[in-house]
Structure formats: C-alpha cells, structure tokens
Amino acid sequence: MLYAVKGNKQLKIDEAEKETYLKLGYDIAQVSGNELKTVETSPSKTVSWKDYQAVVTENADLKEQLAAAGSGTPEVLKSLQEQVDTLTKENKALKEANKKLKDATKE
C-alpha cells in the first residue's frame, strides 16, 4: 500500500494514482515496520533561497579547508611516504643497536 504525503496529510493511494499525486506535490511513501518511508519525492518541491545559500556557503568553506589541508595531493602523499621510509630505516637501525646491546649483556 502506498501513501501520498504532503505536510500532515497522509492519503492511501494505489500504484495508478502515484504519478498524479507526485504532480500535485505529494511525496510517495510506503509502510516499513511501524513508520512511513519516503520512496519517491515530489519533483515540484523547492528549496528556499536561504537554505540554498547556506549550503553553497558551507560547500565553499569545506572546499577551502580541503585545499588548505592538502589532503590527498600527490605532493603530500610523496612527503608522507618519505617520512615513512625515514622512520622505517631509523626503526631498523634501532633494532640492530638493541640486538647488539642485548648480545653484549649476555656475554
């Protein structure tokens, strides 16, 4: 069973009426458990200019933060790989020094 939902109205409809109610601005929902889940949103829905501007501003801010962080750029990845290589060499040298110290204390 489908429902046409608009505001606080919930109308039971059949599949044949679905397109008509979508054109009238209703969302189409189905019962899932004890609640209605929207399966199709009305194409006539709009977003207020204020909400749109808020999303555009947030998107621009996030893009700036991402660019400033340099996350995922080839230069950053190369730098990180160089750090890993350096630390791996240092770790290997420390392990060898530790082994020599252990051998020296055994004697």
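Here the structure is shown first, and the text comes after it.
Per chain, residue numbering runs from 1 following the sequence as it is written. Per-residue local features are limited, in this predicted model, to residues with pLDDT of at least 70; the limit for side-chain atom pairs, both in listing and counting, is 80 or more; totals at the level of whole chains, interfaces and linings are taken over all residues. Excluded from the side-chain calculation are hydrogens and water; included are all heavy atoms of the structure.

Asks: Kindly report on the overall build of the chain, identifying the contributing residues and their values.
Replies: Strands are runs of DSSP state E lasting at least 2 residues, helices are runs of H or I lasting at least 4, and numbering of each runs from the N terminus. Regarding its fold elements, the chain presents 3 helices and 4 strands. When the helices and strands of the chain are placed in sequence order, the string is β-β-α-β-β-α-α. This radius of gyration counts C-alpha atoms alone. The globule rule is 2.2 Å times how many residues there are, raised to the power 0.38. The C-alpha radius of gyration computed for the chain amounts to 30 Å, which surpasses the reference 13 Å derived for 107 residues by more than 25%, pointing to a less compact arrangement than a globule. Projected onto its principal axes, the C-alpha positions of the chain cover 90 × 35 × 20 Å. When a residue's accessible area, from a 1.4 Å probe over protein chains only, is under 20% of the maximum for its type it is buried; when over 50% it is exposed; and in between it is partly exposed. By residue count, 14% of the 107 residues in the chain fall in the buried class.

Asks: Before we move on, can you summarise the pairing of strand β4 (residues 35–40) with the specific residues and values?
Replies: Pairs of strands are assigned from DSSP output, requiring at least two bridges between the strands. Inspection of the sheet shows strand β3 (residues 27–32) paired to β4 by 5 bridges, in the antiparallel sense. By the bridge assignment, Val-31 is partnered in β4 with Leu-36. Taking the residues between adjacent antiparallel strands as the criterion, β3 and β4 are bridged by 2 residues, where Gly-33 takes a positive phi near 70 degrees.

Asks: Break down the pattern of salt bridges for me, with residues and values.
Replies: In what follows, salt bridge is the name for a side-chain nitrogen of Lys or Arg lying within 4 Å of a carboxyl oxygen of Asp or Glu. Summed over all chains, the structure comprises 4 salt bridges. Residue Lys-18 is joined to Glu-15 by a salt bridge in which the shortest nitrogen-to-oxygen separation is 3.8 Å. Judged by relative accessible area, Lys-18 falls into the buried class, the value being 17%. Exposure remark for Glu-15: the relative accessible area of 55% places this residue in the exposed category. Notably, a salt bridge pairs Glu-40 with Lys-18, separated by 3.0 Å at the nearest N-O pair. With Glu-40 in strand β4 and Lys-18 in helix α1 (residues 18–23), this pair connects stretches of sequence that are 22 residues apart.

Asks: Residues and numbers for the packing of aromatic side chains, please.
Replies: Any pair of Phe, Tyr and Trp rings, taking the six-membered ring for Trp, is counted once the centres come within 6.5 Å. Such a pair is stacked with planes under 30 degrees apart, edge-to-face with planes over 60 apart, and tilted for the rest. A complete count under the given rule lists 2 aromatic pairs for this structure. A centroid spacing of 5.2 Å and a plane angle of 85 degrees characterise the contact between Tyr-21 and Tyr-26, whose relative ring orientation is edge-to-face. Relative to Tyr-52, the ring of Trp-49 lies with its centre 5.4 Å away and its plane at 35 degrees, an arrangement referred to as tilted. With a gap of 3 residues between them, Trp-49 and Tyr-52 both fall in helix α2 (residues 49–69), about one helical turn apart. On the basis of relative accessible area, Trp-49 is assigned to the exposed category, the value being 62%. A cation sits over an aromatic face here: Lys-6 above Tyr-26, 5.5 Å from the ring centre. Whether a charge sits over a ring comes down to the Lys NZ or Arg CZ being within 6 Å of the ring centre and within 35 degrees of the ring normal.

Interpretation note: all reported values are geometric properties and have no functional meaning in isolation.
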